[in-house]
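Working through the structure, step by step
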Amino acid sequence: MREIFRSGRMWRRRGDLRDSYDVVIVGGGAHGLATAYYLGQLGVKKVAVLEKGYIGSGAAGRNTTILRSNYKTPEGARFYDASIHMYERLSQELEFNLLFSQCGHLTLAHTDRAMFVMANRAEVNRLHGIDSKLVDTAQVKRLCPPLNVSPDATYPVMGALYHPPGGIIRHDAVVWGYARGADRLGVEIHPYTEVTGFERSGSRITGVRTNRGTVRVGQVVNATAGWSSLLGEMAGVELPITTHILQACVTEPVKPLLDVVIVSSQMHVYISQSDRGEFVMGSEIEPWTTYRMQGTLNFLQDLTRHTLELFPQLEHARLLRSWAGLCDLSPDYSPILGRTEVENFHLSAGWGTYGFKAAPIVGRTLADLVHTGKTPELIAPFALERFYEDQLVSELAAAAVSH
Ligand code: FAD
Ligand code: PYC
């Protein structure tokens, strides 16, 4: 272990695969690595993370880094709030600066109906001890001076749901911090190792097939987000998930202007300014299902038009780059977490457009489940069975701009 500190590497080079592992985690994104880290903390030995690309090559490295807990259902609000509290301490815990800026989060309302919905959400949030409140146009302007709140705008701002604990974080740093932490606890990280199938005996998985050979396994965690239904199929577990792309883009770096996250469902846009100065912007999920991460011109045209209505000052800012990532959407816009009918095959799936903020609490609760065999109370409402038992946890309209 000392060798790695001397080498200056974040984590050890991948070695050969062993013949067997106690736990194989498929997916080297934020969820897989967080689960590996907390398993390491619990003293679980022989844990491997298998990642088909490079670490963080999936949605973990493509998201718009927004953290918040202003969800609609009691189950969702409690769960995401626990994650935000973990994020608040994470830089210290991982001894790695994650650049978490708790700058606050404003969900704009442009209609009477939206004001009513935001008031309702603020009440639900407060009932669960989450700091959210309804603010009027003048307060919005005070919180975000550069925002255009003119009554002559196409969609004038009537008010907003203000959520002070919300903010942005450096997404790559979260991935690297968890990877380094897991590595230091003895977890093996295997990039460029694709899982191609599972071997089963009765209701258990006994082996994981990969492009580098087959390994025997005690327990498996499917943390593949956009690809989770494909891995489910390999294991014989059908997941009610459709995979879509979500697109995002950034401007060239500009002077500090925006220090709060702005979301407008009506205008299908969310905007923040990163600490590099780039305006980070995204829109709604694309309605078609695909695994091709290809962007579209329509996205850029609609997004820039709406962004300029809110921030006309960006008129001359140039777009630097745009990209797309996969999103695994569940029917009720809540995640699917925990056990499946294959007794040693566990899930972190159904993250749609909103899973990055959940990585710490997912890691901790899935590690507990794998270690103890008991489902933590916080994730019990998100079990796969809910779709068969009519116990949906509907986050429709609270999950992201598009819902
Ligand atoms: P991923 O990083 O996608 O990890 C899954 C990994 O599994 C991938 O690296 C993939 O290569 C690997 N894999 C797949 N198949 C195999 C296989 N067969 N073998 C081995 N490895 C495999 N969420 C928020 O909370 N806030 C946001 O602001 C936000 N913005 C977003 C913006 C965009 C553009 C996108 C695309 C998503 C956004 N999300 C956001 C959603 C969030 O990024 C995801 O829900 C979350 O990152 C998913 O968990 P993960 O990080 O573990 O997934
Ligand atoms: O979950 O807050 C979120 C989010 C914003 C953009 C994409 N997801």
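The following paragraphs examine the structure supplied in this document. Residue positions are counted from 1 within each chain, in the order its sequence is given. Chain letters and ligand numbers both follow the written order, the letters beginning at A and the numbers at 1. Residues qualify for local features only when their pLDDT is at least 70, as the model is predicted, and side-chain atom pairs are given and counted only at 80 or more; totals for whole chains, interfaces and linings, by contrast, use all residues. Based on all heavy atoms of the structure, the side-chain values leave hydrogens and waters out of the count.

1. Observations concerning the site of ligand 2
Worth spelling out the cut-off: We call a residue near a molecule or strand when any one of its heavy atoms sits within 4 Å of it. Pairs of N or O atoms are called polar contacts if they sit within 3.5 Å, as long as, within protein, a hydrogen donor faces a hydrogen acceptor (for residues adjacent in sequence, only side-chain-to-side-chain pairs). Only the protein chains shown count as cover for residues, and all accessible areas are computed by the Shrake-Rupley method using a 1.4 Å probe. Under the scheme applied, nonpolar residues are Ala, Val, Leu, Ile, Met, Phe, Trp, Tyr, Cys and Pro; charged residues are Asp, Glu, Lys and Arg; polar residues are all the others, including Gly.
Taken together, 8 residues lie near ligand 2, and R68, Y270, T353, Y354 and K357 sit nearest. Within the backbone of T353, an N or O atom sits 2.6 Å from a nitrogen atom of ligand 2. Contacts to ligand 2 include K357, whose side-chain N or O atom sits 2.5 Å from an oxygen atom. Burial of ligand 2 by the protein amounts to 92% of the accessible area it has alone, namely 240 Å². The class makeup of the residues in the shell around ligand 2 is 4 nonpolar, 2 polar and 2 charged.

2. Structural notes on helix α3 (residues 74-94)
For the record, the criterion: Where helices and strands are cited, they refer to DSSP runs of H or I of at least four residues and of E of at least two residues respectively, numbered from the N terminus. One fewer than the residue count of a helix, multiplied by 1.5 Å, yields its expected span. In this analysis the local bend is the angle between axes fitted, respectively, to the seven residues ending at and the seven residues starting at the residue. Summary of the burial criterion: residues with accessible area below 20% of their type's maximum are buried, those above 50% are exposed, and those between are partly exposed, where the area comes from a 1.4 Å probe applied to protein chains only. Only heavy atoms matter for contacts: two residues are in contact if any of them lie within 4.5 Å across the pair.
Here α3 is 21 residues long and its end C-alpha atoms lie 30 Å apart, about the 30 Å a rise of 1.5 Å per residue gives. The largest bend in α3 comes to about 40 degrees, at E88. Among all positions of α3, only G76, A77, F79, Y80, D81, S83, I84, M86, Y87, L90 and L94 are buried. Among the structural elements, α2 (30-41), β3 (66-67), α6 (171-184), β17 (336-338) and α9 (359-372) are those in contact with the buried residues of α3. At the C-terminal side of α3, E95 shows a positive phi close to 50 degrees.

3. Brief notes about the site of ligand 1
Residues in close proximity to ligand 1 total 36 residues, the closest being E51, A59, A60, T64 and K357. Interatomic distance of 2.8 Å between a backbone N/O atom of A60 and an oxygen atom of ligand 1. Taking F356, its main chain carries an N or O atom lying 3.1 Å from an oxygen atom of ligand 1. Relative to its unbound accessible surface of 1000 Å², ligand 1 loses 98% to contact with the protein. A breakdown of the residues in the shell around ligand 1 according to their chemical character gives 17 nonpolar, 14 polar and 5 charged.

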